[in-house]
Amino acid sequence: MADAVRPVPRRSPLAHAADRLAAVSRDTGGALHLAEVPFLAQIGVRLDPKGAAADAVGLVLGLQLPVEPDTVVRAGNLTALWLGPDEWLVLGPPGSRQDLESRIREAAGDAFVSVTDVSAQRTTLLVGGPRARDLLAHGCALDLHPRAFSAGRCAQTTLARAQVVLVAPEEPGAGFQVLVRSSFAGYLTDWLLDAATEWRV
């Protein structure tokens, strides 16, 4: 009888950096908080925003896909990010990717739609604390002032020359979500940790 194949333990792209990320809060006296939010479901969706499929997908997800550029719609534990005129990224809790993908496909019916599970493509860094905007501004050309980049906004941009999707905090005191490709996650983490030393106490 062949030996049973042991499942490979799931390991996030930044599991090795968890302790260093956690130490930032202590080292900066609470001015900054850094953490990885691993394994979020991430489903890329492309369809006609004016077609019946968009309404059907919105209904099954319990949120309407945003149609204003660089905006975010949240409902429950789901978030939809506008990436283009006919392109969105739907974020859900860990373990929900298959369910989300099948629900979106079923809702779209016979309409032309592209639904792609990109959950393994990126991980998510949470950058919080009173100096979070200042830290991100070191490596990002966007105007991150709350008047320009507030709750309900997102952007595809570069941070320290790494391509990211940046999501504004949902409410005051919450952190920015930085979605970064897994292959760049280590580099970006090292950059954030180095930049954070400016606020070390």
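Residues numbered from 1 in each chain as written. Predicted model: local features only at pLDDT ≥ 70, side-chain atom pairs only at ≥ 80, totals over all residues. Heavy atoms only, no water.

Draft legend 1. Region of the structure containing the overall build of the protein chain. Along the protein chain, the regular secondary structure elements total 5 helices and 10 strands. Burial statistics for the protein chain: of 201 residues in total, 44% are counted as buried. Partitioning the contacts of the protein chain with sequence separation of at least 6, the portion at a separation of at least 24 is 62%. Working note: accessible area of the protein chain is about 10,900 Å², and carbon and sulfur atoms make up 52% of it. Of the side-chain charges in the protein chain, 19 are positive and 22 negative, and the distance between the mean point of each set is 5 Å. (Helix = DSSP H or I, 4+ residues; strand = E, 2+ residues; numbered from the N terminus. Buried < 20%, exposed > 50% of the residue type's maximum accessible area, 1.4 Å probe, protein only. Contact = heavy atoms within 4.5 Å. Areas by Shrake-Rupley, 256 points an atom, 1.4 Å probe, with all protein chains shown as cover. Lys, Arg positive; Asp, Glu negative; His and termini not counted. Charge placed at Lys NZ, Arg CZ, Asp CG, Glu CD.)

Draft legend 2. Focus on the side chain of Thr71. With respect to the helices, strands and loops of the structure, Thr71 is situated in the loop between helix 2 (52-61) and strand 3 (72-75). With relative accessibility at 9%, the residue Thr71 sits in the buried group. For Thr71, the side chain forms a polar contact with the main-chain oxygen of Glu68, separated by 2.6 Å. Excluding its chain neighbours within four sequence positions, the residues that come into contact with Thr71 are Pro66, Ala80, Leu81, Trp82, Gly152, Arg153 and Cys154. (Polar contact = N/O pair within 3.5 Å; in protein donor to acceptor, adjacent residues only side chain to side chain.)

Draft legend 3. Inspection of the layout of surface pockets at higher detail. Size it by volume and the largest pocket reaches roughly 300 Å³. Along its surface, the largest pocket is lined by 16 residues, and Leu40, Arg74, Thr79, Glu170 and Gln177 are the ones closest to its centre. (1 Å grid on protein atoms, 1.4 Å probe; cavity = no way out; pocket = protein on both sides within 12 Å on 5 of 7 lines; lining within 4 Å. Points joined across faces, edges and corners; volume = space filled by probe spheres on them.)

Draft legend 4. Fine view of the packing of helix 2 against helix 3 (residues 97-108). Contact pair helix 2 / helix 3: the axes reach a minimum separation of 8 Å and the direction vectors enclose 140 degrees. Classed by the angle they form, the pair helix 2 and helix 3 counts as oblique. Considering only the axes of helix 2 and helix 3, their crossing is right-handed. Residues Ala53, Ala56, Val57, Val60 and Leu61 of helix 2 pack against Leu100, Arg103, Ile104, Ala107 and Ala108 of helix 3. For the contact of helix 2 with helix 3, a count of residues per class yields 9 nonpolar, no polar and 1 charged. (Axes fitted to C-alpha atoms, helices over the stretch in contact; angles between N-to-C directions. Parallel < 35°, antiparallel > 145°, perpendicular 65-115°, else oblique. Left-handed = near helix turned anticlockwise from the far one by under 90°. Nonpolar A, V, L, I, M, F, W, Y, C, P; charged D, E, K, R; others polar.)

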